[in-house]
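Structural overview for review
Take a look at the letters that make up each chain.
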Amino acid sequence: MSAETNASSERSTGTLPQGEAVRQNVAQRQRRGRVWEVVLFASTVVGIVILVMLAFNIVNDAFGGIAVQSVVEEEDLTDGRRLEDLSQPELIAILEANLRSRVLRNLERERPLAERDEGELIDIINQEIIKPEVVAIYPLSEFLFNRAAIEAELAEAFPRAELQFKSWLNWNFIVSPMSSNPTQAGIRTAILGTLFLLLLTVLIAFPLGIGAAIYLEEYNADKPFDERSPVGRWLNRTIQRAAGLIETNIYNLSGVPSIIYGILGLAIFVRALEPFTSGAIFGATEGVTANGRTILSAALTMSLLVLPVVIIASQEAIRAVPSSLRQASYGLGATKWQTVWKIVLPNALPGILTGTILAISRAIGETAPLIVIGASTFIVTDPDGLFSKFTVLPLQIYNWTSRPQEEFRAIAAAAIIVLLILLLSLNAAAIMLRNYLRSKRIST
Amino acid sequence: MTSATYDTKYAIETRNMHIYYGAFRAVKDVSFGIERNKITALIGPSGCGKSTVLRSFNRMNDLIPGARTEGEVLYHGQNLYAPDVDAVQVRREIGMVFQKPNPFPKSIYDNIAYGPRINGWKGSKAEMDELVERALRGAALWDEVKDDLKKSGLALSGGQQQRLCIARALAVEPEMILMDEPCSALDPISTLKIEELMFELRQNYTIVIVTHNMQQAARASDYTAFFLMDKDDRAGQLIEYDTTSNIFQNPKDKRTEEYISGRFG
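Residues numbered from 1 in each chain as written. Chains lettered and ligands numbered in written order. Predicted model: local features only at pLDDT ≥ 70, side-chain atom pairs only at ≥ 80, totals over all residues. Heavy atoms only, no water.

**Focus on the overall build of chain A**
A tally of helices and strands in chain A yields 20 helices and 3 strands. Dimensions of chain A, computed from C-alpha atoms along their principal axes, come out at roughly 120 × 75 × 45 Å. Per-residue burial for chain A yields a buried fraction of 39% across its 444 residues. A separation threshold of at least 6 residues defines the contact pool for chain A, and within that pool the share at least 24 residues apart is 74%. As presented, chain A carries roughly 24900 Å² of accessible surface, and 61% of it is formed by carbon and sulfur atoms. Mean positive and mean negative side-chain charge positions of chain A (38 and 42 charges, respectively) differ by 16 Å. (Helix = DSSP H or I, 4+ residues; strand = E, 2+ residues; numbered from the N terminus. Buried < 20%, exposed > 50% of the residue type's maximum accessible area, 1.4 Å probe, protein only. Contact = heavy atoms within 4.5 Å. Areas by Shrake-Rupley, 256 points an atom, 1.4 Å probe, with all protein chains shown as cover. Lys, Arg positive; Asp, Glu negative; His and termini not counted. Charge placed at Lys NZ, Arg CZ, Asp CG, Glu CD.)

Listed below in structure tokens is the structure:
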């Protein structure tokens, strides 16, 4: 009986590899690990490749060649001399010979030609007579590697055209307002709109989000009413249930598609609160034209959009503050608020800032809700107040990519580069701020 | 504090104290008094409720959701759990040192100054410097840190950090100091320093210490209370309370004798 039990228990323990089998077993396990390593490496490579393709695509469009052809060639006007070498009377003579009398009269009325210096006259000749026109544009890759074909094609179609390198991303592009002419169009209004919108969103969403996070994390468990009376118990329970409901649904809210926030913003901020968001009740006359489709409405909508993420990030940062620090503070006779304000918040701040700045930087790229609430797609005036009309970078890009002309595609790519630089610098600022605050708190 | 007061010769006296975590009774029917200007050690195996009892003395249990204390905890004859008593004021007068050193991530100076500042301290910069020095001297840490008060409290060694926490507690001038296993995370030399410090502090403060270390209780306390979990309802209860020499040399209860001789726990 006992011998049988022994034998069966020996069988049930199985066997571990012995001798040579150990070496094989280890080698096999190592091989399996290496396969996974390769798989993981491959997925990283795929990610990098996609990133490189994206960057190439944008750069390819934002830089490249343009073929410029003038209505009249400079050499034909000046008998082969350069405009810069001509004297003022000679320049005036060229203008008088080539411009229609009505145009000349207009110029004279503005300011007599004789009073203008050479530079100004050359500008007029360039604009009115030579009139350089972009007749064809080529992406960077073609411009660099397919030069001969391009030149052959040009020689046939536009024999007088001149092929030159063009960076669509340049200082003029950044500081010029919107224009229907792609070579003159810029993104000044859009950049200002984006920055203004972000600033307002931060001012609205930060205090609200951090405040809600502090309440949910630090005060939620409190019982503000007297537990001994039935009414107090009922109130406490109700408050806690409501907070619990909110807490679960913050996660759901952060996943709601942004266009739905846009529709909400349209209904509430643009329509229902129009007197407020258009500035009418503050006596802002300009706002009347914007009908509530103002930068204020947009900022409020964007705040709704980022609020759940700000709350979640802040909650996590607050939760990460060790409870031993809270206890130490309470143990010294600190009130709850003193503990929150002097211990919890300073220690949670680096985390709160990183999380919320990343949330805000997502808002930079949001287009859908702004289209819904009626942001302007073509606007040349800078946003100058809460109640002004506005546009933002992604909207401008969206607008340009939907135009048929190739030039717009090029400036859309240039605008994308500006948007990405803005985004990356914001994220970099977030990281530097966090590191600074962290080092300040711990190592001093 | 307006409710009825009782005469008591003790610094703190509990009468029929029960402590609950939700529906679970963690401590039942504890009645004893802590002598003034003495060191009282609370000993017992894990889960016997000694830390819970300690934390009830300055209402730190209030921070745990669902924790509830019944019975009376008398401090200057005043029940600390009377409805009109503010826990903040209790903690202001009864300081606490925790198991793991928990200095704030601030400078040594600011660690000490935090308590006075939040408690409405008024005075000049020079007076605060003096207060900080007094607290650090009181915790026998001044000589080690006087040259770099601007250094982070976290940059100190474990034993120094714990003494910093003691200094921090001293800075608000409490009457009592509760210590929850203050040496369990420290090496023997740091432990010895803390024990020496306790003897000095005894002149001005009443000290209650929870410890797992029997030798520490035997050598560093005047009174000892032995707690044990009731096997039936898992509630901690006070088995025996006497002078430390009586508890260790002449215990009256068989369970106390078994515990201190290392037969269980």
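Having seen the model, we can carry on.
**Digging into the overall build of chain B**
For chain B, the helix and strand inventory stands at 10 helices and 10 strands. Computed over the C-alpha atoms, the radius of gyration of chain B is 19 Å, within 12% of the 18 Å expected from 2.2 N^0.38 for a compact globule of 265 residues. Projected onto its principal axes, the C-alpha positions of chain B cover 55 × 45 × 30 Å. The buried share of chain B, reckoned over its 265 residues, is 56%. Long-range pairs, those at least 24 residues apart, make up 69% of the contacts in chain B with a sequence separation of at least 6. Working note: accessible area of chain B is about 11400 Å², and carbon and sulfur atoms make up 47% of it. Of note, chain B has its 33 positive side-chain charges centred 3 Å away from the centre of its 36 negative side-chain charges. (Rg over C-alpha atoms; globule rule 2.2 N^0.38 Å.)

**Considerations on the domain arrangement of chain A**
Taken domain by domain, chain A comprises domain 1 (29-71 + 134-167), domain 2 (73-130) and domain 3 (188-443). A straight line from the C-alpha centre of domain 2 of chain A to that of domain 3 of chain A covers 55 Å. (Domains from an automatic or database assignment.)

**Concerning the confidence of the model for chain A**
Residues and elements named next belong to chain A. Mean pLDDT over chain A: 85, with 95% of residues reaching 70 or higher. Mean pLDDT per element in chain A: helix H1 (residues 2-12) is the minimum at 51, and helix H2 (residues 20-62) is the maximum at 95. For residues 1-5, every residue scores under 50 in pLDDT, and the model assigns this stretch 0 contacts once sequence neighbours within four places are set aside. (pLDDT = per-residue confidence, 0-100.)

**Here's the deal with the side chain of Glu 35 of chain B**
Residues and elements named next belong to chain B. Mapping Glu 35 onto the fold places it in the loop between strand S2 (24-34) and strand S3 (39-43). Using a relative accessible area of 19% as the deciding quantity, one classes Glu 35 as buried. Beyond its immediate chain neighbours, meaning those up to four positions away, Glu 35 contacts Lys 9, Tyr 10, Ala 11, Thr 40, Thr 206, Tyr 223 and Tyr 241.

**Observations concerning the pattern of salt bridges**
Evaluated as defined, the whole model comprises 29 salt bridges over all chains. The shortest N-O distance in the salt bridge between Arg 134 of chain B and Glu 173 of chain B comes to 3.5 Å. Of this pair, Arg 134 of chain B sits in helix H4 (residues 125-138) while Glu 173 of chain B sits in the loop between helix H6 (158-170) and strand S7 (176-180), and the two are 39 residues apart along the sequence. Measuring nitrogen to oxygen at the nearest pair gives 3.8 Å for the salt bridge that ties Lys 146 of chain B to Asp 143 of chain B. Since its relative accessible area comes to 38%, Lys 146 of chain B is described here as partly exposed. Among the charged side chains, a network of salt bridges with common partners joins Glu 110, Arg 111, Arg 116 and Glu 120 of chain A. (Salt bridge = Lys/Arg side-chain N within 4 Å of Asp/Glu carboxyl O.)

**Description of helix H19 (residues 393-401) of chain A**
Burial of H19 of chain A is extensive: 7 of the 9 residues sit out of reach of the surface. Within H19 of chain A, the full set of buried residues consists of Leu 393, Pro 394, Leu 395, Gln 396, Ile 397, Asn 399 and Trp 400 of chain A.

**Remarks on the packing of helix H10 (residues 188-219) of chain A against helix H15 (residues 295-319) of chain A**
Residue and element names in this part refer to chain A. Across the interface, H10 lies against H15 with an axial gap of 6 Å and an inter-helix angle of 40 degrees. The orientation of H10 with respect to H15, classified from their angle, is oblique. The way H10 lies across H15 gives a crossing that is right-handed. Partitioning the contact of H10 with H15 into residue classes produces 21 nonpolar, 6 polar and 3 charged. (Axes fitted to C-alpha atoms, helices over the stretch in contact; angles between N-to-C directions. Parallel < 35°, antiparallel > 145°, perpendicular 65-115°, else oblique. Left-handed = near helix turned anticlockwise from the far one by under 90°. Nonpolar A, V, L, I, M, F, W, Y, C, P; charged D, E, K, R; others polar.)

**A closer look at the interface of chain B and chain A**
Interface size, as often reported, equals the accessible area lost upon joining of the parts. Facing 27 residues of chain B, the contacting portion of chain A comprises 21 residues. Summed over both sides, the interface between chain B and chain A buries roughly 2000 Å², with carbon and sulfur atoms accounting for 61% of that surface. Linking chain B with chain A are 0 salt bridges. Between chain B and chain A we count 5 residue pairs in polar contact (both at pLDDT 80 or more) in total. Within the residue set of the side of chain B that touches chain A, elements represented by two or more residues are helix H2 (87-93), strand S6 (94-97), helix H3 (108-118) and H6 of chain B. Per-class residue counts for the side of chain B that touches chain A are 14 nonpolar, 6 polar and 7 charged. (Buried area = accessible area lost by both parts, 1.4 Å probe. Polar contact = N/O pair within 3.5 Å; in protein donor to acceptor, adjacent residues only side chain to side chain.)

**Let's talk about the packing of H15 of chain A against helix H17 (residues 336-364) of chain A**
Residues and elements named next belong to chain A. Contact geometry of H15 with H17 gives a least axis separation of 8 Å together with a crossing angle of 150 degrees. The angle between H15 and H17 falls in the class roughly antiparallel. Regarding H15 and H17, the two cross each other, and that crossing is right-handed. Here Met 302, Val 306, Val 309, Val 310, Ala 313, Ser 314, Ala 317 and Ile 318 of H15 come into contact with H17, specifically with Val 344, Ala 348, Gly 351, Ile 352, Gly 355, Thr 356, Ala 359, Ile 360 and Ala 363.

**Describing the pairing of strand S9 (residues 223-229) of chain B**
Residue and element names in this part refer to chain B. Summarising burial for S9: 6 of the 7 residues are buried, a large majority. In this sheet, S9 lies alongside S3 in parallel orientation, the contact comprising 4 bridges. Note that in S9 the partner of Leu 42 across the bridge is Ala 225. Relative to strand S10 (residues 236-243), S9 is paired through 7 bridges, and the arrangement is antiparallel. Within S10, the position partnered with Tyr 223 by the bridge is Thr 243. A loop of 6 residues connects S9 with S10, the two strands running antiparallel in sequence, and Arg 234 in this loop sits at a positive phi of about 60 degrees. (Pairing = 2+ DSSP bridges.)

**A word on a positive patch on the surface**
A contiguous patch of positive charge on the surface is contributed by Arg 100, Arg 102, Arg 105, Arg 109 and Lys 131 of chain A. Relative to the elements of secondary structure, Arg 100 of chain A occurs in the loop between helix H4 (88-98) and helix H5 (101-110). (Patch = residues over 30% accessible without salt bridge, like charges linked within 9 Å, V, L, I, M, F, W, Y side chains within 5 Å.)

**Quick notes on the state of the cysteines**
Residues and elements named next belong to chain B. Taken as a whole and assessed by the stated rule, the structure comprises 0 disulfides over all chains. With no disulfide of its own, Cys 183 lies 12 Å from the sulfur of Cys 165, the closest cysteine sulfur. A relative accessible area of 8% places Cys 183 in the buried class. (Disulfide = S-S within 2.5 Å.)

**Comments concerning a nonpolar patch on the surface**
Residue and element names in this part refer to chain A. The grouping of Leu 264, Ile 268, Leu 273, Phe 276, Ile 281 and Phe 282 at the surface amounts to a nonpolar patch, some 530 Å² of accessible area in total. Secondary-structure assignment places Ile 281 in the loop between helix H13 (274-277) and helix H14 (287-290). Ile 281 sits in the exposed class, given a relative accessible area of 57%.

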